[in-house]
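Fold and geometry: a report
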Amino acid sequence: MSTEEMRKLNADEPKEEMQNGKYREIYTEEEKKVYQRRDKLDSLYYLRSMMQSLEGVNIIIENRMKFYEEYHLDLQEYVLWGRYLLTYRGTIQEIDQEYLLGKKVDITTLADFMKSVSSLRTEPLVAFPPRGCFCAECHGLITFEDVKEGNFDFKINKFVHKTHKKQN
Ligand SMILES: [Zn+2]
């Protein structure tokens, strides 16, 4: 085995050392920063403040996706408006499930959400409309309200309303 291989093997060892008879975890400064970033992405305060606008929701998704792609560390799973699941991998899925108990809240952990439903079916969401996106069929704006209500679809690379609202 080459020294290079040896070094690699050692690098994969859990970073723990004995101190006063107890194991303690050692984090490098770089690792600390990564965990701090994850804590921020998982923080209810951060998510609540960002989800006040469509732009903010898109930023949440983008940041979570990038984080998971880069570090492969699981994120906390949340449900937005009882409709969208932010997965541990940073992706977003649409929930095909009505509430059976309790009332709709803007944001809840997946674990809490599961207490109010009998089962959960989700479908991957290919894309989320950006702010200022127009429906390819009626040319009306796909609003933040439309998104919260799930009133949009992605057909042949274009966003459309499920139910068009525009009055002509
Ligand atoms: Zn439309």
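Relevant structure appears above.
All of the points below concern the structure found in this document. The shown structure was predicted, so the numbers you read here are calculated from the model rather than taken from an experiment.

What the protein chain contains, in helices and strands, is six helices and eleven strands. Across the 168 residues that make up the protein chain, the buried fraction comes to 16%. Across the protein chain, contacts joining residues at least 24 apart in sequence account for 47% of those joining residues at least 6 apart.

In this section: unusual backbone geometry. Despite not being glycine, His72 shows a phi value in the positive range, around 55°. Residue position: His72 is located in the loop between helix 4 (54-71) and strand 3 (78-80). Unusually for a residue other than glycine, Asn157 sits at a positive phi of about 65°. Of note, Asn157 is situated in the loop between strand 10 (153-155) and strand 11 (158-160).

It is worth spelling out the packing of helix 2 (residues 29-42) against helix 4 at this point. At a minimum axis distance of 11 Å, the contact between helix 2 and helix 4 shows a crossing angle of 150°. Viewed along their axes, helix 2 and helix 4 adopt a mutual orientation that is roughly antiparallel. Our pair here, helix 2 against helix 4, has a crossing hand that is left-handed. Contacts between helix 2 and helix 4 pair Val34, Arg37, Arg38 and Leu41 from the former with Asn63, Arg64, Phe67 and Tyr71 from the latter. Classifying every residue of the contact of helix 2 with helix 4 by side-chain character gives four nonpolar, one polar and three charged.

Take the nonpolar core next. Core analysis: the largest hydrophobic core is formed by 19 residues, its most contacted members being Val79, Leu80, Tyr84, Leu85 and Leu86. At the level of elements, helix 4, strand 3, strand 4 (84-86) and strand 5 (92-95) are the ones that each hand at least two residues to this core. Counting residues per element, this core draws most heavily on helix 4, which supplies four residues. When residues of this core are assigned to domains, at least three fall in each of domain 1 (29-127) and domain 2 (129-168). When residues no more than four places from it in sequence are discounted, the contact partners of Val79 are Tyr84, Leu85, Ile95, Thr108, Leu110 and Phe113.

Across its 14 residues, helix 2 extends 20 Å between first and last C-alpha, which sits within 8% of the 20 Å expected from 1.5 Å per residue. Burial of helix 2 is sparse: only one of the 14 residues sit out of reach of the surface.

The sheet built from five strands is open, its strands ordered 6-3-4-5-7 with antiparallel pairing. Edge positions in the sheet fall to strand 6 (107-109) and strand 7 (122-124), since each of these pairs with one other strand and no more. The sheet shows a mean angle of 30° between the axes of neighbouring strands, direction not considered. As judged from the three bridges shared by strand 3 and strand 6, these two strands associate in the antiparallel manner. Residue pairing across strands places Leu80 opposite Ile107, the latter belonging to strand 6.

Let us look at the pairing of strand 5. Where strand 4 and strand 5 come together, three bridges link them in antiparallel fashion. Each bridged residue has a counterpart across the sheet, and for Leu86 the counterpart in strand 5 is Ile92. Inspection of the sheet shows strand 5 paired to strand 7 by three bridges, in the antiparallel sense. Within strand 7, the residue paired with Ile95 across the bridge is Thr122.

This part takes up the environment of Tyr88. Mapping Tyr88 onto the fold places it in the loop between strand 4 and strand 5. On the basis of neighbour count, Tyr88 is assigned to the partly exposed category, with 15 C-beta atoms found within 10 Å. Tyr88 sits 46 residues away from Asp42 along the chain, and the two C-alpha atoms are 9.9 Å apart. Ignoring sequence-local partners within four residues, the contact set of Tyr88 consists of Asp74, Leu75 and Glu77.

Rules used in this analysis
- Residues numbered from 1 in each chain as written.
- Predicted model: local features only at pLDDT ≥ 70, side-chain atom pairs only at ≥ 80, totals over all residues.
- Helix = DSSP H or I, 4+ residues; strand = E, 2+ residues; numbered from the N terminus.
- Buried ≥ 20, exposed ≤ 12 C-beta atoms within 10 Å, placed from the backbone.
- Contact = placed C-beta atoms within 7 Å.
- Axes fitted to C-alpha atoms, helices over the stretch in contact; angles between N-to-C directions.
- Parallel < 35°, antiparallel > 145°, perpendicular 65-115°, else oblique.
- Left-handed = near helix turned anticlockwise from the far one by under 90°.
- Nonpolar A, V, L, I, M, F, W, Y, C, P; charged D, E, K, R; others polar.
- Core = buried A, V, L, I, M, F, W, Y, C linked by C-beta atoms within 7 Å.
- Domains from an automatic or database assignment.
- Expected span 1.5 Å × (residues − 1).
- Pairing = 2+ DSSP bridges.

By themselves, these observations are geometric and do not establish any function.
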